[in-house]
Amino acid sequence: MPVDPITTLALRMLLSRRDALRAARAAVAARPPARGAGLPPRELEEVEAALERIAQGRFGGCERCGGAIGRQRLLAVPEARCCLACADARARDVNA
Ligand SMILES: [Zn+2]
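Residues numbered from 1 in each chain as written. Predicted model: local features only at pLDDT ≥ 70, side-chain atom pairs only at ≥ 80, totals over all residues.

1. Some remarks on the overall build of the chain
In terms of helices and strands, the chain carries four helices and zero strands. From first element to last, N terminus to C terminus, the chain shows the α and β order α-α-α-α. When burial is assessed residue by residue, the chain has 15% of its 96 residues classed as buried. In the chain, of all internal contacts separated by at least 6 residues, the share reaching a separation of at least 24 is 43%. (Helix = DSSP H or I, 4+ residues; strand = E, 2+ residues; numbered from the N terminus. Buried ≥ 20, exposed ≤ 12 C-beta atoms within 10 Å, placed from the backbone. Contact = placed C-beta atoms within 7 Å.)

And the structure:
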C-alpha cells in the first residue's frame, strides 16, 4: 500500500474520479447519442492508468524524462504522465 501522503491523497482523488466518470459514462450510454454530450473519451482511461501506476509503485515519475512529476502537479492533475516541463514541451511539439 502507498505510504507517501501525496500518493495516498492522489489515490483517493483518482478513485472518486473513476467512480464519477464510470457513473457519468453509464448515464451517457443509457441515453440516445447526442453530439457534444459525451465525456472526454480518454479521461477514464487516464485515471485508470494512474491507478495502475500507483498499484505498481511507479506513480509520480515522468514517463518522458524519468524525473519526478512534483507534488503540486500530482495534486492538481493526479493522472498526469509527465512533469510540467515535459507536458509543455509536448504541447509545443503538438502545436508546431
Ligand atoms: Zn519530464
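That was the structure; now back to the text.
2. Observations regarding helix α4 (residues 84-95)
In this model, α4 (twelve residues) spans 16 Å end to end at C-alpha, consistent with the 16 Å of a helix rising 1.5 Å per residue. Of all the twelve residues making up α4, zero are buried; the element is thus mostly uncovered. (Expected span 1.5 Å × (residues − 1).)

3. Details of the environment of alanine 55
Take alanine 55: it is sitting in helix α2 (residues 43-55). The exposure class assigned to alanine 55 is exposed, which follows from the 12 C-beta atoms found within 10 Å. With 44 residues separating them along the chain, alanine 55 and leucine 11 place their C-alpha atoms 9.6 Å apart.

4. Details of α2
Think of an α-helix as turning once every 3.6 residues; residues three or four places apart then point the same way. The terminal C-alpha atoms of α2 lie 19 Å apart, and with 13 residues this matches the ideal 18 Å at 1.5 Å per residue to within 8%. Residues Val47, Ala50 and Ile54 constitute the buried set of α2. Across the axial projection of α2, the buried residues extend over an arc of 60 degrees, all falling on one side. Exposed side chains of α2 directed beyond 90 degrees from the buried face belong to Glu45, Glu52 and Ala55. The secondary structure elements touched by the buried residues of α2 are α1 (5-30). (Arc of directions from axis to C-beta.)

5. Examining the nonpolar core
Core analysis: the biggest nonpolar cluster contains ten residues, these being Ala10, Leu14, Val47, Ala50, Ile54, Phe59, Ile69, Leu74, Ala80 and Cys83. Going through the elements one at a time, α1 and α2 are the ones with two or more residues in this core. Broken down by element, this core gets its largest block of residues, three residues, from α2. Setting aside its immediate chain neighbours within four residues, alanine 10 contacts Phe59, Leu74, Leu75 and Pro78. (Core = buried A, V, L, I, M, F, W, Y, C linked by C-beta atoms within 7 Å.)

6. What to know about the environment of glycine 66
Its location among the elements puts glycine 66 in the loop between α2 and α3 (71-76). On the neighbour-count criterion, glycine 66 (9 C-beta atoms within 10 Å) is exposed.

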